[in-house]
Amino acid sequence: MRPWAYRIGLAAAALLLVGVAAVSCGKMKRGGPKAGATPPVKTATPVSVITAMRGSIRDAVHVTGTVAALREVEVASEGSGTAIAVYADVGDRVVRGSLLARLDSDVMGAQARQADAGVDVAKARLKQARDMVSLTTSTTGITVEQAQKQADAANTQLAKAQTAASTTETAVNNRIAQAQLAVRSAETQLAEVRRGARDQQKKQVQAQVEIAQAGYDFAKSHYEVKKRLYTQGAASGTEFGQALAEFQQARSNLEQVKQQLSLTNEGPTAEQVRLAELQVDQANEQLRLAEAQRDQITLAREDVNLARTQVRLAEDQLSMARAGHGEVTVRQSDIDAARAGVKQAQASRDLARTALGKQSVYSPVTGLVAERLVEPGAWASNAHTVFRIVDITSVYVHAVVGERDIAKVTKGQEAEVSVPGLPGATLKGRVVDVTPSSMRNQRNFTARVLVKNDGEVLKPGMSADVSLVVGESSAAVLVPRDAIVEDREKRVVYAVESGQIKIRPVELGAEERGRVEVTSGVKEGDTLVVAGQSGLADGQKVEPVQREAGG
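Residue indices begin from 1 for each chain and proceed along its sequence in written order. With pLDDT at 70 or above as the cut-off, local features in this predicted model cover only qualifying residues; side-chain atom pairs require 80 or more to be listed or tallied, and sums for whole chains, interfaces and linings still use all residues. Side-chain metrics rest on all non-hydrogen atoms present in the structure, leaving aside hydrogens and water.

1. Focus: the overall build of the protein chain
Item 1. To qualify as a helix, a DSSP run of H or I must reach at least 4 residues; to qualify as a strand, a run of E must reach at least 2; elements of each kind are numbered from the N terminus. Scanning the protein chain for helices and strands turns up eight helices and 19 strands.
Item 2. Of the roughly 31200 Å² that the protein chain leaves accessible, carbon and sulfur atoms contribute 51%. Per-residue accessibility takes into account occlusion by the displayed protein chains alone, with areas from the Shrake-Rupley method and a 1.4 Å probe.

Shown next, in the form of C-alpha cells:
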C-alpha cells in the first residue's frame, strides 16, 4: 500500500476514536458513573500493517565507479621533423589507418630517390656480369690498344671510387664529430644560458664565433667550387652532396655560436632558455641524422668493391687480347659479387622508403580524437605524443568494491550502470575482471564492468552507480523496508499476534527496490507493522486498520 494510504487509514481511525471518547465523556458529565458500574475498557491503538509473502528478489552489490574508455592510445610520430600539415582535431572521429599529420619529408624523399637509383645501377652491373659470362664470341676485333684503354678506364674509375669512399667516410665521420660537438656545444650553451655568462666566457664565445665564421667561409667557398665543377660535369654528385652537407653543417654551427654569443651578452630570459633547450633537441636530431649516414660509407665501400671487379674484368680482357684467346671469361664470383650488390642496394632502398613512410602519422585505432598536441610548424618526434585517441563505443566502469562484498563478485556477472548526468537511464553491462589484490593502502578492490555505450552517452571520467547482480532467490520471504526497525545493533520487526505487538529480531538477505528478504524471524503470512513502530511496546494491544501484501 502507498504511504498516503497508510496516513489516511491512521487519520480515519484516530477520528473514530476521538468521536467515541467525546460521546463517553458527555455521558459521564450528564449522569456520572453509577455505583457498581464496570470501568471503561482501554481501546486498542490503530496501526497500519502488511502481510509477509513469498516472491523473487535479486541480490546485488551497490557500488560507485568511474567511466573509462575501452581503448585509449597515445600516438607519437615514428619519424622526426616539422609538421607541415595536421588533418585531425579534438572531437573528430577517425578510423584505423587515417592520416592524422604529415611531417617534412624533403630530405627523406631525396634519400629514397637516391636509393632507387642505386638499385638501378646495381642491377645494371649484375646484367653486365652475366653478359660477360655468356659472352663466347671471339674478341679478335678487340685490339690490345682498346683493351688497354678499357683497363686504364677501369683503374681510373677504381681510383675515383676509392677517393670517393675515403672522402665519404671522412665527411660522414666529420659530420658525426661536428654533430657531437654541436650537441656538446648546445648543452654547454643551455647550461651557460641558465647560469649566465662571465666576461671570460663572453670572450671565449666570441672566439668560437670567429672560428665558426672561418669554418663557414671555407665551407661556403668549397661548396661553390664543387657546385661549379658539378655543373660543368667535372665533379661527381657524391662530392657535390658532401660539399653541400659540410656547408650546411658549418652554417648551422655558425648560427648556433652566434646565438650563444647573443645569449651570453644579453643574459638569459625564459624564451632564450626555451630556445637553448630547443637547440639541444635539434643538435641531437642532427647527430641522429649524421649517424644514420654511416650507410653511405658502406655503399661507398661497395662501389670500391664493384670498381675492383671491373678492373679485374678489364685486366682479364686485356690478357686475353694479348694472348689472342679471343674469348672473355668471367669468374662466377664476379656474378655473385654483383648479385650481392643488388641485394645491398635493395636493402638500402627499403630502409629509405621506410624512413620516408615514418614522416606520416596514422591512427592505430578507430575512435575519437581526445587530445591534439601538435600544430603545423611545430617539431615532432617519437619522443613526444602528438595525438590521444579514445574508443568509447563501449566503455569500462572501474567499480570500487569493499572487502565485505568482493567475495560475491566474479567475472561474468551482470551489472546495471547509471550516471548522475543521465537521470533515469540504466545501461546493461557485465563484469570482465576483478583485481586480485586491494588498492594500495586501502581495503577496496576494483571490478571492471564492460558497458556497450550506444550513442556514446557515457564519457570517460564520469562517475557511475553500479549494481552488481550476485544472486537471485525465487521463493524468498519479502517485506517492505519500512517494516524493519534498527534497534541498537540488531534489526527487529513489530509483528501482530492476536491483536498484540510481538517484537521479533530478524536476519536480512537481499534488498531491491524497497523490498527486503527476511531469512530469519518472519514467515510467510505474518502480519507486520509498517508505520509508527517507535510508539509501540511489546504486548501492546493494537487494531490493524488496513492490510496489504508485502511481496
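So that's the structure; there's more coming.
2. Here we look at the packing of helix H3 (residues 144-195) against helix H6 (residues 270-292)
Item 1. In this description, a line fitted to the C-alpha atoms serves as the axis of each element, helices being fitted only across the stretch in contact, and the angle between N-to-C directions of two axes falls anywhere from 0 to 180 degrees. Following both chains from N to C, one finds H3 and H6 inclined at 165°, their axes separated by 8 Å at the closest point. On the basis of the axis angle, H3 is roughly antiparallel to H6. Our pair here, H3 against H6, has a crossing hand that is left-handed.
Item 2. Three classes are used, and their members are as follows: Ala, Val, Leu, Ile, Met, Phe, Trp, Tyr, Cys and Pro are nonpolar, Asp, Glu, Lys and Arg are charged, and the others, Gly among them, are polar. When the residues that make up the contact of H3 with H6 are grouped by side-chain class, the tally is 14 nonpolar, six polar and five charged. Roughly parallel means an angle under 35 degrees; roughly antiparallel means over 145; roughly perpendicular covers 65 to 115; every other angle is labelled oblique. Each crossing gets its hand from how the near helix is turned against the far one by less than a right angle, where anticlockwise is left-handed and clockwise is right-handed.

3. Digging into the packing of H3 against helix H7 (residues 294-323)
Item 1. Running from N to C, H3 and H7 cross one another at 165°; their axes reach a closest spacing of 8 Å. It follows from the interaxial angle that H3 and H7 lie roughly antiparallel. The way H3 lies across H7 gives a crossing that is left-handed.
Item 2. Across the contact of H3 with H7, the residue classes tally to 17 nonpolar, ten polar and eight charged.

4. Quick look at the pattern of salt bridges
Item 1. A pairing counts as a salt bridge when a side-chain nitrogen of Lys or Arg comes within 4 Å of a carboxyl oxygen of Asp or Glu. Taken as a whole and judged by the stated rule, the model has 21 salt bridges.
Item 2. A salt bridge links Glu 371 to Arg 388, with the shortest nitrogen-to-oxygen separation between them at 3.1 Å. In this pair, Glu 371 sits in strand E7 (residues 367-372) while Arg 388 sits in strand E9 (residues 385-402), placing the two residues 17 residues apart along the sequence.
Item 3. Residue Arg 388 is classed as partly exposed on the basis of its relative accessible area, which comes to 21%.
Item 4. Each member of the salt-bridge network shares a partner with another, and the members are Arg 481, Glu 486, Arg 491 and Glu 511. Three labels apply to residues, based on accessible area from a 1.4 Å probe with only protein chains included: buried if under 20% of the type maximum, exposed if over 50%, partly exposed otherwise in between.

5. Considerations on the sheet that holds strand E3 (residues 81-86)
Item 1. The strand order across the open sheet formed by four strands is E6-E5-E3-E8, and the pairing between neighbours is antiparallel. Looking at strand neighbours, the two that pair on one side only are strand E6 (360-362) and strand E8 (379-380), the edges of this open sheet.
Item 2. When DSSP finds two or more bridges between two strands, those strands count as paired. Pairing of E3 with E8, which is carried by two bridges, proceeds in the antiparallel orientation. Across the sheet, Thr 82 pairs through a bridge with Trp 379, a residue of E8.

6. Section: the environment of Val 492
Item 1. Relative to the helices and strands, Val 492 resides in strand E15 (residues 490-497).
Item 2. As a C-alpha pair, Val 492 and Glu 507 span 15 residues in sequence and 8.4 Å in three-dimensional space.
Item 3. When near neighbours in sequence (up to four residues on either side) are disregarded, Val 492 contacts Ala 483, Ile 484, Val 485, Asp 487, Ile 503, Arg 504, Pro 505 and Val 506. Throughout, a residue-residue contact means that at least one pair of heavy atoms, one from each residue, lies within 4.5 Å.

7. A word on the nonpolar core
Item 1. Core analysis: the largest hydrophobic core is formed by 25 residues, its most contacted members being Val 397, Val 449, Val 466 and Leu 468.
Item 2. Elements represented by at least two residues in this core include exactly strand E2 (53-76), E9, strand E10 (414-418), strand E12 (444-452) and strand E13 (463-480).
Item 3. Considering each element in turn, this core owes the most residues, six residues, to E9.
Item 4. The residues touching Val 466, leaving out its near neighbours within four places in the chain, are Val 61, His 62, Val 63, Val 397, Ala 399, Ala 415, Glu 416, Val 417 and Val 449. Nonpolar cores were defined as sets of buried Ala, Val, Leu, Ile, Met, Phe, Trp, Tyr and Cys residues, with membership established by side-chain atoms within 4.5 Å.

8. Looking at the side chain of Gln 256
Item 1. Examined against the element boundaries, Gln 256 turns out to sit in helix H5 (residues 237-266).
Item 2. Judged by its relative accessible area of 13%, Gln 256 is buried.
Item 3. Setting aside residues no more than four positions away along its own chain, Gln 256 makes contact with Ala 182 and Gln 189.

9. Points about the pairing of strand E16 (residues 500-512)
Item 1. Across seven bridges, E15 lies against E16 in antiparallel orientation. Following the sheet pairing, Tyr 494 is matched in E16 by Ile 503.
Item 2. A loop of two residues connects E15 with E16, the two strands running antiparallel in sequence, and Ser 498 in this loop sits at a positive phi of about 55°.
Item 3. Turn length for the E16-strand E17 (residues 515-520) hairpin, with the two strands adjacent in sequence and antiparallel, is two residues, and the turn residue Arg 513 shows positive phi of about 50°.

10. What to know about the confidence of the model for the protein chain
Item 1. Counting all residues, the mean pLDDT for the protein chain is 79, and 85% of those residues have values of 70 or more.
Item 2. Scored between 0 and 100, pLDDT is the confidence that the predictor attaches to each residue. With pLDDT under 50 throughout, residues 1-37 is counted as low confidence; its partners more than four residues away or in other chains account for 22 contacts.
Item 3. The low-confidence segment residues 325-330, where pLDDT is below 50, has 20 contacts with residues more than four positions distant or belonging to other chains.

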